[in-house]
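Residue-level structural notes
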Amino acid sequence: PIVLRSAPVSQQDDLLESFRVAPSLGQRTDVARQFLKLVDDIADPDLLLQEFQDGLLDSLKKTKLDRYADRLEAAFVIEDLGTRQKTPATASLVTEILAGVRNLPAALDDLSAASQKRALVALKSSDPQRLIKFVNNLPAKILEDITDLLPSTVDRLSQLVQNQAASPDLLVWLCRNV
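Residues numbered from 1 in each chain as written. Predicted model: local features only at pLDDT ≥ 70, side-chain atom pairs only at ≥ 80, totals over all residues. Heavy atoms only, no water.

1. Digging into the packing of helix α2 (residues 25-38) against helix α4 (residues 68-84)
Contact geometry for α2 and α4: axes closest at 10 Å, N-to-C directions at 30°. Taken together, α2 and α4 sit at an angle that is classed as roughly parallel. In this structure, the crossing between α2 and α4 has a hand that is left-handed. Counted together, L25, T29, A32, R33, F35 and L36 of α2 and D70, R71, E73, A74, V77, D80, L81 and R84 of α4 form the full contact between these two elements. Here the contact of α2 with α4 is built from residues that sort into seven nonpolar, one polar and six charged. (Axes fitted to C-alpha atoms, helices over the stretch in contact; angles between N-to-C directions. Helix = DSSP H or I, 4+ residues; strand = E, 2+ residues; numbered from the N terminus. Parallel < 35°, antiparallel > 145°, perpendicular 65-115°, else oblique. Left-handed = near helix turned anticlockwise from the far one by under 90°. Contact = heavy atoms within 4.5 Å. Nonpolar A, V, L, I, M, F, W, Y, C, P; charged D, E, K, R; others polar.)

2. Quick look at the packing of aromatic side chains
All told, the structure shown has two aromatic pairs when counted by the stated rule. A ring pair is formed by F19 and F52, whose centres lie 4.5 Å apart and whose planes are at 45°; its orientation type is tilted. Here the residue F19 occupies a position in helix α1 (residues 11-21), and F52 occupies one in helix α3 (residues 46-62), the gap between them amounting to 33 residues. Taking the relative accessible area as the measure of exposure, F52 reaches 0% and is therefore buried. Looking at R28, its charged tip hangs above the ring of F19, at a distance of 4.6 Å from the centre. (Phe/Tyr/Trp six-rings, centres within 6.5 Å; stacked < 30°, edge-to-face > 60°. Buried < 20%, exposed > 50% of the residue type's maximum accessible area, 1.4 Å probe, protein only. Lys NZ or Arg CZ within 6 Å of the ring centre and 35° of its normal.)

Following this line, the structure appears as structure tokens:
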């Protein structure tokens, strides 16, 4: 929508206002991503970075626990905001959220491509066995990203194929890569 103003407003002020009035975590995450694109052009962004980070953390706490994709997307943006600050946060919010995900394949599939790759990196470093556990339920595009973990599952993969229990995505991946 077009908004008429009596005085010029900077893009960062406009984004901050949009962030403050955004009703959902997903909308706040999108505005924070737009802010991250501009942060290098701002002279002293520390207070704005902190406000965006605090606002996302507050929204994250208010969001239902079963909204894994929205929560993970926000956690990645919070991580990005933290890396731009002079004193970045140390606690891994992403790992904490991933640990609570019940349906990992569905949650990974709901993420954007960039967030999906970041989630896979986090899972590989924190809990690779969890990825291996769901190998038959993962989409082919995720299987491509975890090829380094699959050699340790040769026995399980051969058992799935012999028992005709392998998923179509797993079979396609096996045909391409083995």
